[in-house]
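# Examination of the molecular architecture
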Amino acid sequence: MGSIVDARGLSCPQPVMLVLKEMERIQKGEIVILVDTDTSKENVCRLAASRGWEVKSIEPGGAGYKIVIEKG
Amino acid sequence: MGQRRFTFFSTRKGIIVSGAVIGVLATVLQKFGNPPNMGVCVACFERDIAGALGLHRTEVVQYMRPEIIGIVLGSCLASLFYGEFRPRGGSSPVVRFILGFFAMTGALIFLGCPWRALLRLAGGDGNAIFGIAGLVVGIWIGTLFFEHGYNLGRSQSTQKTAGWIMPGIMASFLVLMLVFPQIPGQEKSGVLFYSVKGPGSMHALLAVSLIFGLIIGFIAQRSRFCTVGGIRDLILFRQTHLLFGIVALALAAFVSNLILGQFRPGFENQPIAHSMSLWNFLGMVLAGLAYTLAGGCPGRQLFLSGEGDGDAAIFVLGMIVGAAISHNFGIASSPQGIGPYTVPALITGLAVCSIIGLTMREK
């Protein structure tokens, strides 16, 4: 069971800060991230790529996206 | 569209193109009549709008700048076209209003937003270096607050009508301009104020300004161009994505200025600027701090307000009111230097932003 970061409704730079904090906390594994804007979605994907995490899936849901990232 | 991770404009090339387009269009607007080193300045132009509405009566800075109208409407169109128009709000609106207010106070002490700081530098105005240094320090202070838990709370999705308020205001401004067009040599046309002399009297044709604004708004909505974000993300995350946009804006404007014969290096007698370095620096510290606490540069706040973000819209309205009071109270600088009440306003602004940064934390 991976961890969940709910970044919905937060303005820059908080979604990326929250995800980064979670990445540093769990080091590896799976993180499920909820965002509500395309900007946050892009920023989270960009962060994942720069920190060596793989974006497993992006699903539209509710008023935003559910992003799953993973590091083995 | 939404499921794609990156569109062209969210790539490095995309952000570079965005910055370059703003740099080139701004310098070309100067050629077409906009004030020198002020092709597009979000702070100065919102201040001119405050003057056009009669909120302040500084005669030389009154014009309903179509660039600002175009930027908001261009962003609105892009967000509608790509399915990103999303009415939202409720993240500490009154705090954002005050942040907008003091962001404008700081900007008018320096005489420019971050875009104009870059345009001034690209035009050879050495005083911009102190402003940009102040901006970086202000943003750095802002990141310290974020690292210690600063948070304005979450926004919520809201009704469609709420998202349309800011685009609606801008569309109304355009209608006012068309109903009450400028009459040469006259200070007033119907309800609108116009400048007969000074920077407010210098402008490109309405249609040109509007179309250039629409292009900037459309492209920057797609790329999320943000000057404050560029410096902030470098400090917080060592990420350079948005920074490329800043560099592209400055370089493109510099090359464009060379081609158009608009590059005049120096510190003294630069257009619509003063050379009080300390106040140029401190003004931008205040502005940079306020922008960072509000989540983005004044241009970015316009783009966000166009895509339905009511919190960004409140920040913009705070800036317009801040411009009016800065001029009415003698806080804003002029080419002669700072105003009689610049210093107390600057101290108040830094104190208020610091209190907000220290006390607005996640519960």
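Below, the structure is looked at part by part. Here the structure is a predicted model, which is why all the values come from computation and not from measurement.

Parameters at a glance
- Residues numbered from 1 in each chain as written.
- Chains lettered and ligands numbered in written order.
- Predicted model: local features only at pLDDT ≥ 70, side-chain atom pairs only at ≥ 80, totals over all residues.
- Heavy atoms only, no water.
- Salt bridge = Lys/Arg side-chain N within 4 Å of Asp/Glu carboxyl O.
- Buried < 20%, exposed > 50% of the residue type's maximum accessible area, 1.4 Å probe, protein only.
- Helix = DSSP H or I, 4+ residues; strand = E, 2+ residues; numbered from the N terminus.
- Expected span 1.5 Å × (residues − 1).
- Contact = heavy atoms within 4.5 Å.
- Patch = residues over 30% accessible without salt bridge, like charges linked within 9 Å, V, L, I, M, F, W, Y side chains within 5 Å.
- Areas by Shrake-Rupley, 256 points an atom, 1.4 Å probe, with all protein chains shown as cover.
- Buried area = accessible area lost by both parts, 1.4 Å probe.
- Pairing = 2+ DSSP bridges.
- Axes fitted to C-alpha atoms, helices over the stretch in contact; angles between N-to-C directions.

Side chains that carry opposite charge are capable of pairing whenever their charged atoms lie near each other. Evaluated as defined, the whole model comprises 16 salt bridges over all chains. With a shortest N-O distance of 2.9 Å, D48 of chain B and R47 of chain B are connected by a salt bridge. In this pair, the class of D48 of chain B matches that of R47 of chain B, namely buried. Residue R222 of chain B pairs with E84 of chain B through a salt bridge whose shortest N-O separation is 3.2 Å. Taken together, the residues span a long stretch of sequence, with R222 of chain B in helix 8 (residues 206–223) and E84 of chain B in the loop between helix 3 (66–81) and strand 1 (88–89) at a distance of 138 residues. The residues R222 of chain B and E84 of chain B share a single accessibility class, namely buried. Residues joined by salt bridges that share partners form a network here, namely E42 of chain A together with E84, R222 and R224 of chain B.

Let us now look at the environment of I356 of chain B. All names here are of chain B. If you trace the backbone, I356 turns up in helix 14 (residues 342–359). With a relative accessible area of 9%, I356 lands in the buried category. Distance from I356 to I338, taken between C-alpha atoms, is 26 Å for residues 18 residues apart in sequence.

A few words on helix 6 (residues 128–147) of chain B. For helix 6 of chain B, with 20 residues, the first-to-last C-alpha span of 29 Å sits near the 28 Å given by 1.5 Å per residue. Burial in helix 6 of chain B covers these residues: A128, G131, I132, G134, L135, G138, I139, G142, T143, F145 and F146 of chain B. Elements in contact with the buried residues of helix 6 of chain B: helix 1 (14–26) of chain A together with helix 4 (93–110), helix 5 (114–122), helix 9 (227–237), helix 11 (277–294) and helix 14 of chain B. Looking at the residues trailing helix 6 of chain B, positive phi occurs at G149 of chain B, about 95°.

Together, L121, I129, F130 and F267 of chain B make up an exposed nonpolar region whose accessible area comes to about 340 Å². One can find I129 of chain B in helix 6.

Our focus in this paragraph is the interface of chain A and chain B. In this complex, chain A contributes 29 residues to the contact, which on the side of chain B involves 28 residues. Around 2400 Å² of area is buried between chain A and chain B when both sides are counted, 50% of it from carbon and sulfur atoms. On the surface where chain A and chain B come into contact, there are three salt bridges. In this structure, E42 of chain A engages R224 of chain B in a salt bridge whose closest nitrogen and oxygen atoms are separated by 2.8 Å. Where the side of chain A that touches chain B is concerned, the elements lending two or more residues are helix 1, helix 2 (38–50) and strand 3 (54–61) of chain A.

All names here are of chain A. Taken in spatial order, the four strands make up an open sheet running 1-2-4-3, and their pairing is mixed. Both edges of this open sheet fall to strand 1 (3–6) and strand 3, since each of them pairs with a single strand only. Within the sheet, the average angular offset between the axes of one strand and its neighbour, ignoring direction, is 20°. Across seven bridges, strand 3 lies against strand 4 (residues 64–71) in antiparallel orientation. Bridging from a neighbouring strand, S57 pairs with V68 of strand 4.

Honestly, that's just the spatial picture; any functional story needs more than this.
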